[in-house]
Amino acid sequence: MKKYIILIVIAAGILFLNCKINNNPMKKIEVGNKVPSFTLNDENGNLFTVDNTMGKPMVIFFYPKDDTPGCTKEACKFRDEFEQFKDVNTLVIGISADSVASHKKFKQKYNLPFTLLADINNEVRQLFGVPKSMIFLPGRVTYVIDKKGVVQYIFNSQFKAEKHIENALKKLREI
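Computed from a predicted structure; not experimentally measured. (Residues numbered from 1 in each chain as written. Predicted model: local features only at pLDDT ≥ 70, side-chain atom pairs only at ≥ 80, totals over all residues. Heavy atoms only, no water.)

Residues with a pLDDT of 70 or more make up 81% of the protein, whose mean pLDDT is 83. Between residues 15-26, whose pLDDT stays under 50, and residues either more than four places distant or in other chains, the model counts 8 contacts. (pLDDT = per-residue confidence, 0-100. Contact = heavy atoms within 4.5 Å.)

Right, let's talk about the pattern of salt bridges for a bit. Tallied over the full model, the rule gives 7 salt bridges. Taking the shortest distance from any N to any O, the salt bridge between Lys107 and Glu43 comes out at 2.8 Å. In this pair, Lys107 sits in helix α4 (residues 100-110) while Glu43 sits in the loop between β1 (39-42) and β2 (47-49), placing the two residues 64 residues apart along the sequence. We classify Lys107 as buried; its relative accessible area is 18%. When the shortest N-O distance is used, the salt bridge between Lys77 and Glu81 registers 3.5 Å. By relative accessible area, Glu81 is classed as buried at 18%. (Salt bridge = Lys/Arg side-chain N within 4 Å of Asp/Glu carboxyl O. Helix = DSSP H or I, 4+ residues; strand = E, 2+ residues; numbered from the N terminus. Buried < 20%, exposed > 50% of the residue type's maximum accessible area, 1.4 Å probe, protein only.)

Turning our attention to α4. Owing to its 3.6 residues per turn, the α-helix brings residues three or four apart onto one side. Among all positions in α4, only His103, Phe106, Lys107 and Tyr110 are buried. Taken down its axis, α4 places every buried residue within 95° of arc, on the same side. Of the exposed residues in α4, those oriented more than 90 degrees away from the buried face are Ala101, Lys105, Gln108 and Lys109. Check the buried side of α4 and you find it contacts α2 (69-80), β4 (91-96) and β5 (115-118). Phi for Asn111, located one or two positions after α4, is positive at around 50°. (Arc of directions from axis to C-beta.)

Attention now moves to the pairing of β1. As paired strands, β1 and β2 are joined by 3 bridges and run antiparallel to one another. Considered in β2, the bridge of Asn41 is made with Leu47. Here β1 folds back onto β2 in antiparallel fashion, the turn holding 4 residues, of which Gly45 has a positive phi close to 85°. One ladder, built from 2 bridges, connects β1 with β5; its direction is antiparallel. Along β5, the bridge assignment pairs Asp42 with Leu117. (Pairing = 2+ DSSP bridges.)

Val59, Phe78, Phe85, Val92, Phe106, Leu112 and Phe114 are the most contacted members of the largest nonpolar core, which totals 20 residues. Elements with a contribution of two residues or more to this core: β3 (58-62), α2, α3 (82-87), α4 and α6 (163-174). With near-sequence residues (within four places) excluded, Phe85 lies in contact with Val59, Phe78, Thr90, Val92, Ile165, Ala168, Leu169 and Leu172. One finds Val35, Val50, Met58 and Ile145 within the second-largest nonpolar core, a separate group that totals 19 residues. (Core = buried A, V, L, I, M, F, W, Y, C linked by side-chain atoms within 4.5 Å.)

Positive phi, normally seen in glycine, also occurs at Asn89, with a value near 55°. With respect to the helices and strands, the residue Asn89 is situated in the loop between α3 and β4. Even without glycine at this site, Asn111 takes up a positive phi of about 50°. Residue position: Asn111 is located in the loop between α4 and β5.

As structure tokens, this is what we get:
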């Protein structure tokens, strides 16, 4: 009987923590919203300001961590399909909380042809309202943004890493 009570208390605690962690007081970006203004360092330590890229469609994908299995699969799929993104004149930008040095190493190791941004304090992740998944993991969310800076599509899936690329390309061909 004690085991069941302990399990119920643990489960209730996990649910409570999940609600607290995902309770983001900032507004979540939705389809139709303008992409928020932000500046981060890229993999070379240079400042990247999203406002300077307006006039061109963008795919911004938030991912949990450099050089982990799912994130590597996703980044390499973006790499492998990069020519298709170029064909529709689209910038591809990956964002995680990893450092500039980590991004540089990740980009070089897998020959990634797109920009990686270091959101070390998760400020941009919070600005977009990217939720955590499975209580503690940083979420994996992709945003398709048109040349006017308006979010046209959002795909949120922690475990379907390659689907982010397929869905983004499909939406880009529609806009």
